[in-house]
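Chain and residue survey
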Amino acid sequence: MNPLGLLKLKPLFERFTQDHPKMLMFFAAVAGSVDKDSVLEISLKSSDGQLMKTNILINDNDVELLNELKKAIAKEKN
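Everything numeric here is computed off the predicted structure, so don't read it as measured data.

1. Focus: the overall build of the chain
Each helix and strand counted, the chain has three helices and two strands in total. Here the C-alpha atoms of the chain give a radius of gyration of 15 Å, more than 25% beyond the 12 Å that 2.2 N^0.38 yields for 78 residues. Here the chain holds 78 residues, and 14% of them are scored as buried. Put simply, the chain shows about 6,800 Å² of open surface, and 58% of that area lies on carbon and sulfur atoms.

What follows is the structure, encoded as structure tokens:
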């Protein structure tokens, strides 16, 4: 992704986190518990009732990302 694309995403991500603060709180909370080979499952129930699910097997890079996210959220609170 190019730098201009990231700049465009920044305000959208900030608005998302303001609208849905529990999402970041969730990732911060699980960051201490998640380890390699954990499974993260995400589901979506659309407005017409369709249920979609996926999951990912957590790897070392994912653990690092979640830990950095946890640190960033802690800094925001201070």
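Okay, back to it.
2. Considering the layout of surface pockets
In this structure, the largest pocket encloses a volume near 340 Å³. What lines the largest pocket is a set of 12 residues, among which T17, L24, A72, I73 and E76 lie closest to the centre. The element contributing the most residues to the lining of the largest pocket is helix α3 (residues 60-77), with five residues. Across the lining of the largest pocket, the residue classes tally to seven nonpolar, one polar and four charged. Put simply, the second largest pocket is a space of about 260 Å³. What lines the second largest pocket is a set of 14 residues, and nearest its centre among them are F27, D62, L65, L66 and L69. Elements with a minimum of two residues in the lining of the second largest pocket: α1 (3-19), α2 (21-31) and α3. If you tally residues by element for the lining of the second largest pocket, the top one is α3, at four residues.

3. With respect to the nonpolar core
Counting residues in hydrophobic clusters, the biggest one holds five residues: A31, V34, I58, V63 and L66. Look past the residues within four positions of V63 in its chain and what remains in contact with it is V34, D35, K36 and I58.

4. A closer look at the packing of aromatic side chains
By convention here, two paired aromatic rings are described through the distance between centres and the angle between planes. Under the counting rule described, the total for this entry stands at one aromatic pair. With a centroid separation of 5.4 Å and an interplanar angle of 70 degrees, the aromatic rings of F26 and F27 are classed as edge-to-face.

What counts as what
Residues numbered from 1 in each chain as written. Predicted model: local features only at pLDDT ≥ 70, side-chain atom pairs only at ≥ 80, totals over all residues. Heavy atoms only, no water. Helix = DSSP H or I, 4+ residues; strand = E, 2+ residues; numbered from the N terminus. Rg over C-alpha atoms; globule rule 2.2 N^0.38 Å. Buried < 20%, exposed > 50% of the residue type's maximum accessible area, 1.4 Å probe, protein only. Areas by Shrake-Rupley, 256 points an atom, 1.4 Å probe, with all protein chains shown as cover. 1 Å grid on protein atoms, 1.4 Å probe; cavity = no way out; pocket = protein on both sides within 12 Å on 5 of 7 lines; lining within 4 Å. Points joined across faces, edges and corners; volume = space filled by probe spheres on them. Nonpolar A, V, L, I, M, F, W, Y, C, P; charged D, E, K, R; others polar. Core = buried A, V, L, I, M, F, W, Y, C linked by side-chain atoms within 4.5 Å. Contact = heavy atoms within 4.5 Å. Phe/Tyr/Trp six-rings, centres within 6.5 Å; stacked < 30°, edge-to-face > 60°.

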